[in-house]
Amino acid sequence: MATIFNDTQMTEFKRLVARYPEGKQKSALLPALHLAQESFGGWLSTESLDYVASLLQIEPIEVYEVATFYSMYNLKPVGKFVFEVCQTGPCMVSGSDNIIDYIKKTLDIKPGETTKDGLFTLKLVECLGACGYAPMMQVGKIYKEHLTKEKVDSIIADYRAQAANN
Amino acid sequence: MGVKLLLDKANVPGIRTYEVYRREGGYRAVEKALKEMTTDAIVEEVKKSGLRGRGGAGFPTGMKWSFIAKPEGVPRHLVCNADESEPGTFKDRYLMEFLPHLLIEGLIISSFALGSNDTYIYIRGEYAWIPDILEEAINEAKAAGWLGKNILGTGFDCNIHVQRGGGAYICGEETALIESLEGKRGNPRIKPPFPAIQGLWMRPTVVNNVETLAAIVPIINMGGDEYAKIGVGKSTGTKLISACGNINNPGVYEIDMTITVEEFIYSDEYCGGIKDGKKLKACIPGGSSVPILPANLLLTTAKGEPRYMNYESLSDGGFATGSMLGSGGFIVLDEDQCIVKNTYTLARFYRHESCGQCSPCREGTGWMEKILQKIETGKGEMSDIDLLWDIQRKIEGNTICPLGDAASWPVAAAIRHFRDEFEWHVKNPELSQTSNFGLQHYADPIHVPA
Ligand SMILES: Cc1cc2nc3c(=O)[nH]c(=O)nc-3n(C[C@H](O)[C@H](O)[C@H](O)COP(=O)(O)O)c2cc1C
Ligand code: SF4
Ligand code: FES
């Protein structure tokens, strides 16, 4: 995948930078990394990081230190759909352990791994601000809440179908 | 039904749109503030209201605003803290998702009062669908003339920008948030200088929570004095509580701070009681950082008086027998929950979220997690409990930012009130893997280690 923004992505990048005063374009770094991750296959390669650095006219190291600090930036390739299941206290007391075990078993992967077909990655994450709707996970931009085994089955089936249609 | 000032219109169909929000009386407060009030008068009204920061620390908002430096020719900024990452807390999300215009209205008034021409909403990155909702509300407000240049002919210009974070609890701490807004790692700054003097890009900055800024709207509409009449003592106005855990009706509730904890948990208007007819064991009443309390101390204070859902009553007894209202993240644990395991998941959370700048926090949170995991998996020794106590005491107060304290308090409180459950784990390494300590300790005297 080419690490260059297309026209739409570049327009969005310019909009992000324009929110800050002259000379403070580095402030756009976090949103720019989100944009790069979405544009370049769901993760950030060294080339992508260097590209963002060049666009913002900052040193690559300034980008690396940020990309490694925040948990949402994937520095390794991930599956097409990343299941980020919350495991913190409130979700735990609401049964997240059972859901995590069920996903592990159903997809036959451990946390941090991707299924062989490249479709699903399982990540265990900390509180996502959905504690009242637990157990829950984030997939891309959306939250899947009130998870049950049946719901997990249908979510997986939906994504499989979605991938097959593309 | 208690008074509702923030969520009173939450169920009006279409309230997310400008048209409906305006029809329901929205943006009246902006009109009043910008046309009829001076910036000083607004700050005065907020002071009179007694509003305390809803982000967790409870600092008086009007006082905070009056501290902002006003050097000639230097821009000032208001930053809205929408990082909401304290486990158990999901109230700001509710406000932003369902009442975006209420926040925007509060932001316009507050920006005017503080002289912020460029105001930023810093929202946790995981709330990835909410920036679109906020930006739509901002665009609608702009189209209607409430934002942009020369608002209502006052000469005041204001733009609101939404910035997503990258996934880091520490960026809720105001100076870490500012660093993050500058495109850096979320390492908290050493204070002083305080943000009110040197904040975003070293300019005078006020950071306020989403709920705090939304509350400015009813304060302007009704006046600070009227607002202050709601509630009790220094707990004025209403508070959003996000309730979760083993209850029948998890969700976000607006309370006036005169109701008892018992009513909040058992009334159908709020939590609706403990799920599946079980018994209440413990509760963390103000977000994961505040001390956990066993049922008896939660419902009544050590003096035997009923405990209320407000700042003063929840902290009655100090940390020995009380807790805190904190962020309003109300986590309920039933009789089947294991305190050791719960504490372990929280310790893991804080280890994961430590920014790593201070040794006591960076190392200590890791040690606490490891020891708790050891006890939880049946490999603990009696001396581990004292070791945990010792480590948390050495972190608390010895770090740059309060995350160190936030990591210590849950461990300290769990040992303080549930020491016998920790000991039971150590003494029953096998049994503890298949069964729970349950409620045995329920009526025990309180354990206060020396
Ligand atoms: C580790 C840590 C995390 C915090 N997270 C948040 C948060 O997510 N949201 C928030 O409003 N305040 C948070 N705070 C409190 C902020 O530092 C700050 O006090 C608050 O945003 C001020 O706004 P307020 O006065 O309106 O409450 C956090 C503080 C610490 C130490
Ligand atoms: S207390 Fe922890 S989170 Fe706060 S600055 Fe120190 S290391 Fe970072
Ligand atoms: S604990 Fe899982 S969303 Fe908060």
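Owing to the predicted nature of the structure, the values given are computational and were not obtained by experimental measurement.

Thresholds, definitions, all that
- Residues numbered from 1 in each chain as written.
- Chains lettered and ligands numbered in written order.
- Predicted model: local features only at pLDDT ≥ 70, side-chain atom pairs only at ≥ 80, totals over all residues.
- Heavy atoms only, no water.
- Helix = DSSP H or I, 4+ residues; strand = E, 2+ residues; numbered from the N terminus.
- Buried < 20%, exposed > 50% of the residue type's maximum accessible area, 1.4 Å probe, protein only.
- Contact = heavy atoms within 4.5 Å.
- Areas by Shrake-Rupley, 256 points an atom, 1.4 Å probe, with all protein chains shown as cover.
- Lys, Arg positive; Asp, Glu negative; His and termini not counted.
- Charge placed at Lys NZ, Arg CZ, Asp CG, Glu CD.
- Near = heavy atom within 4 Å.
- Nonpolar A, V, L, I, M, F, W, Y, C, P; charged D, E, K, R; others polar.
- Domains from an automatic or database assignment.
- Buried area = accessible area lost by both parts, 1.4 Å probe.
- Phe/Tyr/Trp six-rings, centres within 6.5 Å; stacked < 30°, edge-to-face > 60°.
- Lys NZ or Arg CZ within 6 Å of the ring centre and 35° of its normal.
- Expected span 1.5 Å × (residues − 1).
- Arc of directions from axis to C-beta.
- Pairing = 2+ DSSP bridges.
- pLDDT = per-residue confidence, 0-100.
- Polar contact = N/O pair within 3.5 Å; in protein donor to acceptor, adjacent residues only side chain to side chain.

## Focus: the overall build of chain A
Next up, step 1: Counting secondary structure elements, chain A contains seven helices and four strands.
Next up, step 2: Taken from N to C terminus, the helices and strands of chain A fall in the order α-α-α-α-β-α-α-β-β-β-α.
Next up, step 3: Based on the C-alpha atoms only, the size of chain A along its principal axes is roughly 50 × 35 × 25 Å.
Next up, step 4: Counting every position in chain A, which comprises 166 residues, the buried fraction comes to 52%.
Next up, step 5: Taking contacts inside chain A between residues at least 6 apart in sequence as the whole, the part at least 24 apart equals 62%.
Next up, step 6: Looking at chain A as shown, the accessible area adds up to about 7700 Å², and 51% of this sits on carbon and sulfur atoms.
Next up, step 7: Looking at charge distribution, chain A has the averaged site of its 17 positive side-chain charges lying 3 Å from that of its 20 negative ones.

## Focus: the site of ligand 2
Next up, step 1: As a structural note, the neighbourhood of ligand 2 is formed by 13 residues, with C355, C358, C361, T399 and C401 of chain B the closest of them.
Next up, step 2: Looking at the shell around ligand 2 residue by residue, the classes come out as eight nonpolar, five polar and no charged.

## Here we look at the domain arrangement of chain B
Residues and elements named next belong to chain B.
Next up, step 1: When cut into domains, chain B gives domain 1 (18-229), domain 2 (235-334) and domain 3 (339-443).
Next up, step 2: Distance between the C-alpha centres of domain 1 and domain 3: 36 Å.
Next up, step 3: Across the contact, twelve residues belong to domain 1 and ten residues belong to domain 3.
Next up, step 4: Carbon and sulfur atoms supply 71% of the area buried between domain 1 and domain 3, which totals about 850 Å² over both sides.
Next up, step 5: Among the residues of domain 1 in contact with domain 3, Y169, I170 and P188 are the three that bury the most area, contributing 52% of the side total.

## Description of the domain arrangement of chain A
Next up, step 1: Under the domain assignment, chain A is made up of domain 1 (7-67) and domain 2 (81-165).
Next up, step 2: Look at where the C-alpha atoms of domain 1 of chain A and domain 2 of chain A centre, and you get two points 29 Å apart.

## Let's talk about the packing of aromatic side chains
Within a pair of aromatic rings, the relevant descriptors are the distance that separates the centres and the angle that separates the planes.
Next up, step 1: Across all of its chains, the model carries 32 aromatic pairs over all chains by this definition.
Next up, step 2: Each ring, one from Y169 of chain B and one from Y350 of chain B, has its centre 6.0 Å from the other, and the planes form 70°; the classification is edge-to-face. With Y169 of chain B in the loop between β3 (159-164) and α8 (174-181) and Y350 of chain B in helix α15 (residues 339-353), this residue pair connects regions lying 181 residues apart in the sequence.
Next up, step 3: Residue Y350 of chain B is classed as buried on the basis of its relative accessible area, which comes to 1%.
Next up, step 4: One aromatic cluster in this structure is built from F5, F13, F40 and Y51 of chain A.
Next up, step 5: Across from the ring centre of Y127 of chain B, 5.5 Å away, lies the NZ or CZ of R124 of chain B, which sits over that ring.

## Quick word on helix α7 (residues 149-165) of chain A
All names here are of chain A.
Next up, step 1: A rise of 1.5 Å per residue sets the reference length of α7, with its 17 residues, at 24 Å; its end C-alpha atoms lie 25 Å apart and thus fit the reference within 8%.
Next up, step 2: Burial in α7 covers these residues: V152, I155, I156, Y159 and A163. Viewed end-on, α7 has its buried residues packed into an arc of 95°, placing them on one side of the element. Of the residues in α7, the exposed ones pointing more than 90 degrees away from the buried face are E150, D158, A164 and N165.
Next up, step 3: Where α7 is buried, its residues contact β1 (81-86), α6 (96-107), β2 (120-125), β3 (137-139) and β4 (142-144).

## Brief notes about the sheet that holds strand β9 (residues 280-284) of chain B
All names here are of chain B.
Next up, step 1: Reading across the sheet, the five strands line up as β8-β7-β11-β9-β10 and stay open at both edges, with mixed pairing between neighbours. The sheet is open, and its two borders are formed by β8 (251-256) and β10 (293-294), each paired with just one other strand.
Next up, step 2: Examined bridge by bridge, β9 and strand β11 (residues 329-334) share four bridges and lie antiparallel to one another. Across the sheet, the residue bridging to C283 is V332, located in β11.

## Quick notes on the confidence of the model for chain B
All names here are of chain B.
Next up, step 1: Looking at chain B as a whole, its pLDDT mean stands at 95, while 98% of the residues score no less than 70.
Next up, step 2: Every residue in residues 443-450 scores below 50 in pLDDT, and together they form 16 contacts with partners more than four places removed in sequence or on other chains.
Next up, step 3: The ipTM for the predicted assembly is 0.97, set against a pTM of 0.97.

## Comments concerning the environment of E145 of chain A
Next up, step 1: Among the structural elements, E145 of chain A can be located in the loop between β4 and α7.
Next up, step 2: For E145 of chain A and D50 of chain A, which are 95 residues apart along the polypeptide, the C-alpha to C-alpha distance reads 36 Å.
Next up, step 3: Once residues lying within four places of it in the same chain are set aside, the contact partners of E145 of chain A are A130, Y133, P135, M136 and K151 of chain A together with R93 of chain B.
Next up, step 4: One polar contact links E145 of chain A to R93 of chain B, side chain to side chain, over a distance of 2.9 Å.

## Things to note about the site of ligand 1
Residue and element names in this part refer to chain B.
Next up, step 1: Around ligand 1 sit 18 residues, and of these G55, N81, N208, N209 and T212 come closest.
Next up, step 2: Residue G55 places a main-chain N or O atom 2.7 Å away from an oxygen atom belonging to ligand 1.
Next up, step 3: Contact distances for ligand 1 include 2.7 Å between an oxygen atom and a side-chain N or O atom of N209.
Next up, step 4: Burial of ligand 1 by the surrounding chains reaches 89%, relative to a free accessible area of 610 Å².
Next up, step 5: Broken down by class, the residue content of the shell around ligand 1 amounts to four nonpolar, eight polar and six charged.

## Section: unusual backbone geometry
Next up, step 1: Here the amide bond leading from A134 of chain A into P135 of chain A is cis, since omega sits at -15°, within 30 degrees of zero.
Next up, step 2: Note that P135 of chain A resides in the loop between β2 and β3.
Next up, step 3: Here the residue pair K191 of chain B and P192 of chain B is connected by a cis peptide bond, since its omega of -10° sits within 30 degrees of zero.
Next up, step 4: As for its placement among the helices and strands, P192 of chain B is situated in the loop between α8 and β4 (205-209).
Next up, step 5: A positive phi angle is found at N150 of chain B, which is not glycine, with a value near 50°.
Next up, step 6: If you trace the backbone, N150 of chain B turns up in the loop between α7 (130-143) and β3.
Next up, step 7: Residue classification places N150 of chain B among the partly exposed residues on the basis of a relative accessible area of 40%.
Next up, step 8: For M202 of chain B, which is not a glycine, the phi torsion comes out positive at approximately 65°.
Next up, step 9: The topology assignment puts M202 of chain B in the loop between α8 and β4.
Next up, step 10: Among the residues examined, M202 of chain B registers a relative accessible area of 47% and is labelled partly exposed.

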